[in-house]
Every structure is written in structure tokens, then in C-alpha cells.
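# Remarks on the overall topology
Now for the letters of each chain:
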Amino acid sequence: ITVHEVQDNGTLKELHKANGGNWGGTKVDSSFRSLLASIVGNDVIEAFTTDHKYDYLELLRDFEMKKRTIQPNLTDKVTFKVPMNLLETFREVNPGSNIQTLVTSNATLKNQLTWTGDKIRMEANLVKALFDESCKKILDHLHQLFSLPNVKDVTSILLVGGFAESPMLQETVRDAFRNKKVIVPQDAGLAVLKGAVLYGHEPKTISARVCKYTYGIKILKTFESTIHPQSKKVLRDGDEMCDDIFDVHVCIGKLIKVGEPQVKKHYVVSERRQNKINFDIYTSTEKEPTYTTDISCTRLGTLILHMPDTSKGMNRGAFVHMTFSGTEITVTAVDKDDPTKTVSTSVDFLG
């Protein structure tokens, strides 16, 4: 789920970092699979999906076609075709058992579902219940988003992606947000793909983004025994230093103008005879990480600035800044004594 504001020049400004969860159409598929498993057992479903992959895909394909036609006002029973190999697998795992007996003995499914041969017939309420979990989680999350100060004034909800074509989801969102304009474009399932192609041709369409992660550089700091753990202590030219410090450049949630360099930071060598500086670039899911070894941190890459002239000893260093473009960050280091000595590297921004 993304939140954007259309600017006067037609570009998009991101208002809130990309967010959401696994609540799309595949969650409805999972509910259908769980329903089958509640009848035949998880072991049967596992064996069926392993030994009869093609039939399992056919089952999902048939369910996918029916799923897109389910309406909120549905009252008729819905029939699903089930591969005979699923029944055969059930009989192999449970010799002597009967599917019909299992269905009628299930209090939840009694009078709601019938299974005859390769056909399952389900009452409308049972079919619509398959959408409950995903729709509820989407609505709960949207309500949370609209409670945020920078999102509460958003007037329109644009549904795209395959699940956006589901009348169940459309009706659920419209009912919950009657004061918002709900838009479902034609071919909603292809909208994401088309958008990616258009964006590839015109990346300047998005003029501002919100940082989904915190970005920074790994550095050394003077070791302080009251603050830093002994495991981080290293010696550099006889001085005690703390290794793996996460020096933040851009915090999670910060609004970034695309193409504009961010804060410029100054770094110095840690040894007199050091002939290069390695800038290890890290990202974190925390706003203010302490060490690059924290579980929230991931190394993105390394930028190396060569400094063969060591005559100035410790009085050497570089300025480093990050520039966020459409899908990448360009990290640039400039020698403080020679601005013509510059190195850059690009790392993934969207993650």
C-alpha cells in the first residue's frame, strides 16, 4: 500500500513509506486450501501438492477463475472442480474412509458443503467467508493509515493488482470508506505491470519518496568502556577504537526529494599509513541503529576511495553524501584535499 500526492506539475510525492502485508488474493487461496485440509487432512494436501503438482495448479486455476466472479450479494451455491487424484491420495492415506462421512460429521461444514466425485458444492456464505481474513486485514490497515496526520486528508483510494478485480474486495472497501472516492481502473490486474513500464520510460514521475529504511555508513569511533562492549574494541595506530558503528545518513520515514544530494558527512582515516578508505554502506529497519552488526542491519555494498599519498598522516579524509534516484541510491565520496578525486557507487533503494 502506497500513499501519494499529485503535485501541480503532475509528478507524485510519496506521503508515507510503502507498507502492507500478505493480504492479497493468495490469502484467499490459502483459506480455500485450509478448508480442503480441514476435510481431508494436512497430510493428504501435502502429499497431493508434492506428487500431483500439475493437478494442484489446475485446482488453483479453477478456483482463481471462480474467485473473480464471487459477488457480495451471492446467494447461489458455487461448484468447484476437484482433481480425482486428490480423492485417490485421500484413499491411499486413509484406506476405508469416506469423504461424504467426513463432511457430514464436520459441524462447521454440515449443510454448507457437499463433495461428490470430482465436484465440491459450497453454500454462498461459506464461499464468501474465504475472503474474510484478507479483507479484514486490509481494512484494519487502511483505517490505521487514515488515522495518520499526513494521510487523513487523502481523498481517493486506487485499487490495482489482481485482487483489485475481486467484487468482494471492491465492495468491502467502498462500504468502509464511503467518504472516499474508490477507483478501480480497467485491467486492474495489469496496472502494476503497465506502471512499471511507464516508470521505466519516465522515472522523474515520482519527485519525492519516503525512506522505507535507515541508510548509513559503518565507521570507527573512539572506544568508551562505559558505553561500548569489549567485543567491539579494536586498535588503530595504538588508539582504542569501537568498530561497527552505524553512522546514520538518512532516517526511516524521512521525505527525500529525488535527485537531490542528502546530508554531506566528513570522515577521516583511522591510521597514518592508510592508503585507502573503505565506506561500507548499510541499511536498517530501525530508525536509529547502533551497530552495523545489529539484526536489523544489512550491508548493501562498499565504496573505496584510494589515497596513495600518506604524507599528511591523519590529516586526510573525505566527504560522503547519498543521492536518491528512482530505484537506486548513488553514494559519492570526495577527497577533502582534492575535489577532483571522486568515487561513486549505486545500491538498491526500494529493497
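We now turn to the structure provided with this report.

Rules used throughout
- Residues numbered from 1 in each chain as written.
- Predicted model: local features only at pLDDT ≥ 70, side-chain atom pairs only at ≥ 80, totals over all residues.
- Heavy atoms only, no water.
- Salt bridge = Lys/Arg side-chain N within 4 Å of Asp/Glu carboxyl O.
- Helix = DSSP H or I, 4+ residues; strand = E, 2+ residues; numbered from the N terminus.
- Buried < 20%, exposed > 50% of the residue type's maximum accessible area, 1.4 Å probe, protein only.
- Contact = heavy atoms within 4.5 Å.
- Core = buried A, V, L, I, M, F, W, Y, C linked by side-chain atoms within 4.5 Å.
- Pairing = 2+ DSSP bridges.
- Axes fitted to C-alpha atoms, helices over the stretch in contact; angles between N-to-C directions.

## Topic: the pattern of salt bridges
Going through the model one piece at a time under the given rule, you end up with 23 salt bridges. With a shortest N-O distance of 3.2 Å, Asp237 and Arg272 are connected by a salt bridge. Taken together, the residues span a long stretch of sequence, with Asp237 in the loop between strand E10 (233–236) and strand E11 (239–250) and Arg272 in the loop between strand E13 (265–268) and strand E14 (276–284) at a distance of 35 residues. By relative accessible area, Asp237 is classed as partly exposed at 38%. Notably, a salt bridge pairs Asp337 with Lys312, separated by 3.6 Å at the nearest N-O pair. Here Asp337, found in the loop between strand E17 (328–335) and strand E18 (342–348), pairs with Lys312, found in the loop between strand E15 (297–306) and strand E16 (317–324); they are 25 residues apart in sequence, far enough to count as distant. Exposure remark for Lys312: the relative accessible area of 45% places this residue in the partly exposed category. One network of salt bridges, in which partners are shared, links Asp29, Glu64, Lys67, Arg68 and Glu165.

## What to know about the environment of Val3
Along the chain, Val3 turns up in strand E1 (residues 3–6). You can call Val3 buried: its relative accessible area is 8%. Separated by 151 residues in the primary sequence, Val3 and Val154 place their C-alpha atoms 8.3 Å from one another. Dropping the residues within four chain positions of it, Val3 is found in contact with Lys13, Glu14, Leu15, His16, Val151 and Val154.

## Notes on the nonpolar core
Leu113, Trp115 and Met122 are the most contacted members of the largest nonpolar core, which totals 54 residues. Among the elements that make up this core, the one with the highest residue count is helix H1 (residues 25–40) (seven residues). If you look at the next biggest cluster of nonpolar residues, it comprises 27 residues, including Ile245, Val250, Val331 and Val347.

## Section: the sheet that holds E18
In space, the four strands of this open sheet follow the order E13-E16-E17-E18, with antiparallel pairing throughout. Only two strands of the sheet have a single neighbouring strand rather than two, namely E13 and E18. Each strand of the sheet is rotated relative to its neighbour by a mean of 25°, with strand direction disregarded. Judged from the four bridges that link them, E13 and E16 form a sheet pairing that is antiparallel. Across the sheet, Tyr267 pairs through a bridge with Ala318, a residue of E16.

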